[in-house]
Amino acid sequence: MFRRYGALALAALLCASTSSLPALRVEAQQALPEIEIVSPSPLPARRAARPVRSVTETSVAPRREVVRAARGPRARIARPGRIRVARRAQTAPVVASPGEPSGTPATEAAPTGGIDRAKIPANVQIVTSQDIERTGTSNLVDVLDRRLSSVSVTDTAGNPFQATVTYRGFAASPVPGTPQGLAVYQNGIRINEAFGDVVNWDLIPTIAIDRTVVFTNNPVFGLNALGGAISIEMKNGFTWQGTEFDLRGGSRSRAQGSVQAGQQAGNFATYLAMEGIDDRGFRKVSPSYVRRLYGDLGYRAEDVELHLNIGSASNFFGATAPVPIQLLQQDYSAVYTNPQTSRNVLGQIALNGTYNIAPTLALQGNIYFRGFSQNHLDGNTTDFAPCNDGSGVLCDAAGNQTSLPDAFGAATLGSLDRTFTRSRRAGGTLQATSSDKIADHANQLIFGVSYDRGWTQFNAVSELGIIQPNLVVSSTGLVINEPNSDISPVSLRAINTYYGAYALDTFDITPALTLTAGARYNLAKIDLHDQIGTALTSYATYARLNPVTGLTFKILPNLSIYGGYSEANRAPTPLENGCADRNQPCLIDNFLVADPPLKQVVSRTVEAGIRGNFDVSFFGPGKINWNAGVFRTYNKDDILNVPSTIAGRGFFENAGDTRRQGIEAGISYTDAKLSAYANYSLVDATFRSNIQLASPFNPFADANGNINVVPGDRIPSIPRHRFKIGADYFITDKWKIGADASFVGSSYLRGDETNVLPRIPAYQVVNLRTSYQIDKNVQVYAQAENVLNRHYVTFGTLFDTQAIGFLPLTDPRTVSPAAPLGVYAGLRAKF
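About the cut-offs
Residues numbered from 1 in each chain as written. Predicted model: local features only at pLDDT ≥ 70, side-chain atom pairs only at ≥ 80, totals over all residues. Heavy atoms only, no water. Helix = DSSP H or I, 4+ residues; strand = E, 2+ residues; numbered from the N terminus. Buried < 20%, exposed > 50% of the residue type's maximum accessible area, 1.4 Å probe, protein only. Polar contact = N/O pair within 3.5 Å; in protein donor to acceptor, adjacent residues only side chain to side chain. Pairing = 2+ DSSP bridges. 1 Å grid on protein atoms, 1.4 Å probe; cavity = no way out; pocket = protein on both sides within 12 Å on 5 of 7 lines; lining within 4 Å. Points joined across faces, edges and corners; volume = space filled by probe spheres on them. Nonpolar A, V, L, I, M, F, W, Y, C, P; charged D, E, K, R; others polar. Disulfide = S-S within 2.5 Å. Patch = residues over 30% accessible without salt bridge, like charges linked within 9 Å, V, L, I, M, F, W, Y side chains within 5 Å. Areas by Shrake-Rupley, 256 points an atom, 1.4 Å probe, with all protein chains shown as cover. Salt bridge = Lys/Arg side-chain N within 4 Å of Asp/Glu carboxyl O. Phe/Tyr/Trp six-rings, centres within 6.5 Å; stacked < 30°, edge-to-face > 60°. Lys NZ or Arg CZ within 6 Å of the ring centre and 35° of its normal.

Caption draft 1: Focus on the environment of R544. By the secondary structure assignment, R544 is in strand β25 (residues 538-556). Exposure remark for R544: the relative accessible area of 1% places this residue in the buried category. Separated by 23 residues in sequence, R544 and Y521 place their C-alpha atoms 5.8 Å apart. Reaching out from R544, the side chain makes a polar contact with the side chain of E567 at a distance of 3.0 Å.

Now the structure itself:
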């Protein structure tokens, strides 16, 4: 067994390798007990469609928006703005004693250039490397989900390494077509990918994370920070020293190995981390093979600090996507059409540094190059069928003849859709921080500029297939090239240039009252070049100035209140603009067509709250941190992914205005033996316009497949209530136990924007963990996830029950089930 684990740790060294991975195979089905919460009451009978009260004409919100030329899609990439988050040195012991609490205010200097966190007019949450170790997960997404308020996770893709993170109702997702509303940074470099703004969480080695900071809406983070930003800081040889090996195995043939090493020698320091993970997955044909690496070479002197770091990954996933409820009730591991696989490859190199020009003036900057490639294979149903007119060819959904031969008899036809995305990005940021006083008042001014340029080559092709009885789509060798049916090969090159300029000032009006004010100007220039014809060729420019302001007031040294206002924007991605016409729907994430451009989304956020801390003792000297707040974000011209009346296709459109508002409250306690936390959040996400949306598989749709949304209807896939609690306790100096639980409220299916179908039920998840320190170097540990073995779902949508003729399905609901009980054990050694 140890030979196997050792091989996995060694395999992490090859994380950039392109060697072939094990082939997928279809396993025999096993009948499982009927699931508890996806056995909903029968769907109600179809009723008349709700009338539209008044169709709202959305107006252009930005102060300045320029759209030039173009009969086609618009592309965009993100920018690597830099907001420094202060780091603290650590030695990462094998058993981390309770440290800084997560999700609540701290007393130390913290984010945004070392500003006292009590002076930030917004809620800021932190997850440390100790939190990650306590949680015991190999996935950052799980830690955010378990510990932070207003954060939830949906498994849209059907693979835990490709989950969607939602914060305050805004998403950061690896799934193409998901409207992205969070900006994500790693060491100050934006990692929303160039094509679609997707965030591939699987590319980040969890073991190498120092800490993660979640900010609310702030324009300084640039495009896409509609709901906020997530800043991930990685370890280096100054903050982590030693050598650590970690081997783990357990349920679903999980085999995992990792190693990290850090060392400081005088002014120089090095750090290297590698991870290898193999997991068969609980659903059929849903394995995960993860290989990722991170390294840092640092130099630190009195006034200078430099870091050269690299990142690399080569991952393969069987992402099985949602499954019809009726199949899931027969077998909890069931899948629908497959294969559905993704291969992600990353290579990144970056240089960042700080230079103290004077005691009150510092210069920070970074330059980087990032290369990302993804190959995606998706087995689907298709609209093509025999014409039955003696022509001997297939017809599309509209009855138009195609060039495809009718040569497959009574077979059920499908398609194998392949996409190839290759993105290369380079850029940099230069930022200055001044702490000079103004009229003897403390003041900190941050101002900076950024430049980013990206090149993306996107190719897509669809092949006619045959759906086998086991739902595997097999190849026929016939490439679909039917321009009249809007399905033909695509080859697109996108060149994206982003400029940014920002300033943020924090001024102490009095020792207790602090004013924050700033703004960021975003300018995006996007050139698209159709490599086959001219339909996709376009040139576009989006621009906007976004302000931010706020006040904090210290009532007592350990008690403060805050309030703030901010704006942010995001431009439509090439995927969204390339598929924005309901009369020419696309196979989502596979094909683009020439469509009218979408408007950019603009968010306006107000929030206020109170936070504090006080000393208390339960098992020794300890501290309680607590916070409570309210927020409201109003989106103008929000973008939705809408299904088409043609099976398997969809389009994007500006869906009027939306609003996300809510309440957040949290408390944590930390002393030498006990670390505990609890938080609650309410997120009320609703439509604020009268709009008509296509939802052809909704039983309440009208004769044209449309539903009528009115103000107050809830946005799907966003649970309203979340409550989280967790604790870790040292029973002895060597033995620690821990547990956490999450209680998540119900949500609506995507496609049920009118809120008339049964909801995705609320669910509860409990996780247990324990560890024992054998000696000062070696620790053994175990953990159980979903110990109550709850069968629940986190995402759902609607589908065409008639798409596969030999499946007797009548319920249009299709959902993504969560993993059942999983038990894991491991050994960790540090020297």
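Caption draft 2: Up close: the pairing of strand β34 (residues 706-709). Judged by which residues are buried, β34 turns out to be covered on both faces: N706 and N708 on one side and I707 and V709 on the other are all buried. Judged from the 4 bridges that link them, strand β33 (residues 691-694) and β34 form a sheet pairing that is antiparallel. Within β34, the position partnered with I691 by the bridge is V709.

Caption draft 3: Quick look at empty space enclosed by the protein. On inspection of all chains with the given rule, the structure shows 17 cavities of 30 Å³ or more. Counted as a void, the second largest cavity has a volume near 820 Å³. If you trace the second largest cavity, you find 38 residues lining it, with D142, P160, E785, Y792 and A819 closest to the centre. Among the secondary structure elements, those contributing two or more residues to the lining of the second largest cavity are α4 (140-147), β36 (735-744), β37 (763-773) and β38 (778-785). Of the residues in the lining of the second largest cavity, the class split is 13 nonpolar, 14 polar and 11 charged.

Caption draft 4: Spatial organisation of unusual backbone geometry. In this chain, N338 is followed by P339 through a cis amide linkage whose omega measures 15 degrees. The residue P339 is located in the loop between α5 (325-330) and β15 (340-358) in this model. Not every positive phi belongs to a glycine, and S717 is a case in point at roughly 70 degrees. Topologically, S717 is positioned in the loop between β34 and β35 (721-730). A relative accessible area of 12% means that S717 is categorised as buried. For N786, which is not glycine, the phi torsion reads 55 degrees and is therefore positive. Within the fold, N786 resides in the loop between β38 and β39 (793-798). The exposure class of N786 is buried, given its relative accessible area of 3%.

Caption draft 5: Broad picture of α4. Along α4, 6 of the 8 residues are buried, which leaves the element largely enclosed by surrounding structure. Inspection of α4 places L140, V141, V143, L144, R146 and R147 among the buried residues, and these make up the whole buried set.

Caption draft 6: Spotlight on the state of the cysteines. All chains considered together, the criterion is met by 1 disulfide. With a sulfur-sulfur separation of 1.8 Å, C387 is cross-linked through a disulfide to C395. Its S-S torsion of about 110 degrees marks the bond between C387 and C395 as right-handed, since a negative value means left-handed.

Caption draft 7: Representation of the pairing of β38. Two strands pair when backbone bridges link them, and β37 and β38 are joined in this way by 6 bridges, in the antiparallel orientation. Residue T770 lies in a different strand from β38, and its bridge partner there is A782. Summarising the sheet, β38 and strand β41 (residues 822-830) pair through 8 bridges and their orientation is antiparallel. Of the residues in β41, the one forming a bridge with V778 is A829.

Caption draft 8: Inspection of the sheet that holds β39 at higher detail. A sheet is described by the order of its strands in space; here 3 strands give the open sequence β14-β40-β39, paired in antiparallel fashion. For this open sheet the edge positions go to β14 (323-324) and β39, each flanked by a neighbour on one side alone. Direction of pairing for β39 relative to strand β40 (residues 813-817): antiparallel, over a ladder of 5 bridges. For L798, the partnering residue across the bridge sits in β40 and is R813.

Caption draft 9: Inspection of a nonpolar patch on the surface at higher detail. Judged by side-chain polarity, L297, L306, L308, I310, I349, L351, I367 and F369 come together as a nonpolar surface patch covering roughly 660 Å² of accessible area. Sort the elements by how many residues they give to the nonpolar patch and strand β13 (residues 304-318) lands first, with 3 residues. Relative to the helices and strands, L297 resides in strand β12 (residues 288-300).

Caption draft 10: Structural view of the environment of E664. Topologically, E664 is positioned in strand β31 (residues 658-670). Note on E664: relative accessible area 2%, which makes it buried. Separated by 34 residues in sequence, E664 and V630 have C-alpha atoms that sit 6.2 Å apart. For E664, the side chain forms a polar contact with the side chain of S150, separated by 2.6 Å. Of the polar contacts made by the side chain of E664, one reaches the side chain of R168; its length is 2.9 Å.

Caption draft 11: Local environment of the packing of aromatic side chains. Tallying each qualifying case throughout the model produces 14 aromatic pairs. Ring geometry for F215 and F221: centres 4.9 Å apart, planes at 40 degrees, overall tilted. A network of ring pairs unites the aromatic residues Y185, F215 and F221 as a single cluster. Sitting above the plane of the F238 ring, R300 keeps its charged end 4.2 Å from the centroid.

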